[in-house]
Amino acid sequence: MPEPGMSIGQVARAAGVHVETIRFYERRGLILQPEKPLYGMRRYPAEIIARIRFIKHAQLLGFTLSEVRELLGLRIDSPDTCVEVQRRAKGKLAKVREKILALRTMETVLESLVHACEQQDLVHPACPILQVMDENE
């Protein structure tokens, strides 16, 4: 009779990740590694798939693994939990907006540098982009 649970490969396929991702999450303490029986292989409970998907989704939203660990600890039904998760999500949103602003600034500067390079006078062959980078050392 087969052992209950799933192999690491089955879990990886079901969760849409690589086996190494599961091992990485185990090393980081985000998921528990099942005990290995004397004979046979480790078997994972089906619930681990939802946990792995939660971790991946949180990462896609910009949460670090450390922050994901904290969010996993808050996964209980409580009004206080929702308030705390919302507070953390607002903080993450503020950081995302800061990054977007910084990226837009970089975009504007790069656009102007590329434009300056395209308009460059062949009499002065020095690259305007490299000149600006030299000036900012």
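Residues numbered from 1 in each chain as written. Predicted model: local features only at pLDDT ≥ 70, side-chain atom pairs only at ≥ 80, totals over all residues. Heavy atoms only, no water.

Regarding the overall build of the protein
Threshold: Starting at the N terminus, helices and strands are each numbered in turn, a helix being any DSSP run of H or I of at least four residues and a strand any DSSP run of E of at least two. Radius of gyration means the value over C-alpha atoms here, while the globule rule gives 2.2 Å times the residue count to the 0.38 power.
For the protein, the helix and strand inventory stands at 6 helices and 0 strands. For the protein, the N- to C-terminal ordering of α and β elements is α-α-α-α-α-α. Taking 137 residues into account, the globule formula puts the C-alpha radius of gyration at 14 Å, and the protein, at 24 Å, lies well above it. Seen along its three principal axes, the alpha-carbon backbone of the protein occupies a region of about 80 × 40 × 25 Å.

Focus on the environment of Leu 38
Locating Leu 38 in the fold gives a position in the loop between helix H2 (19–27) and helix H3 (47–60). Spatially, the C-alpha atoms of Leu 38 and Gly 62 are 40 Å apart, while their sequence positions differ by 24 residues.

Observations regarding the nonpolar core
As a reminder of what qualifies: Buried Ala, Val, Leu, Ile, Met, Phe, Trp, Tyr and Cys residues form a nonpolar core when they are joined through side-chain atoms within 4.5 Å. A 1.4 Å probe rolled over the protein chains alone gives each residue an accessible area, and that area as a share of the maximum for its type sets the label: buried under 20%, exposed over 50%, partly exposed in between. We call two residues contacting when some pair of their heavy atoms lies within 4.5 Å.
Counting 22 residues, the largest nonpolar core has Val 11, Ile 22, Ile 52 and Ile 55 as its most contacted members. It is H3 that provides the largest number of residues to this core, a total of 5 residues. Once you skip the residues sitting within four places of it in the chain, Val 11 turns out to touch Met 6, Ile 22, Tyr 44, Ile 48, Ile 49 and Ile 52.

What about a nonpolar patch on the surface?
In plain terms, the rule: For patch building, the residue pool is restricted to those with more than 30% relative accessible area and no salt bridge; the joining distance is 9 Å between like charges and 5 Å between nonpolar side chains (Val, Leu, Ile, Met, Phe, Trp, Tyr). Per-residue and other accessible areas follow the Shrake-Rupley method at a 1.4 Å probe size, with only the shown protein chains counted as cover for residues. Any Lys or Arg side-chain nitrogen located within 4 Å of an Asp or Glu carboxyl oxygen qualifies as a salt bridge.
A cluster of nonpolar side chains, namely Leu 103, Met 106 and Leu 110, defines an oily patch on the protein surface of about 300 Å² accessible area. With respect to the helices and strands, the residue Leu 110 is situated in helix H5 (residues 79–118).

Some points on the pattern of salt bridges
Opposite charge on two side chains permits them to pair, given that their charged atoms come into close proximity. This structure, assessed with the given rule, holds 5 salt bridges. Where Glu 84 meets Arg 88, a salt bridge forms, and the shortest distance between an N and an O atom there is 2.7 Å. Pair noted here: Glu 84 and Arg 88 are both in helix H5, with a separation of 4 residues, about one helical turn.

Some details on the state of the cysteines
This is how it is decided: Put simply, a disulfide is two cysteine sulfurs that come within 2.5 Å.
Applying the stated criterion across every chain yields a total of 0 disulfides. Just so you know, Cys 117 is unpaired, no disulfide at all, and the nearest cysteine sulfur is the one on Cys 127, 4.5 Å from it. For Cys 117, a relative accessible area of 28% translates into the label partly exposed. Assessed through its relative accessible area of 26%, Cys 127 is described here as partly exposed.

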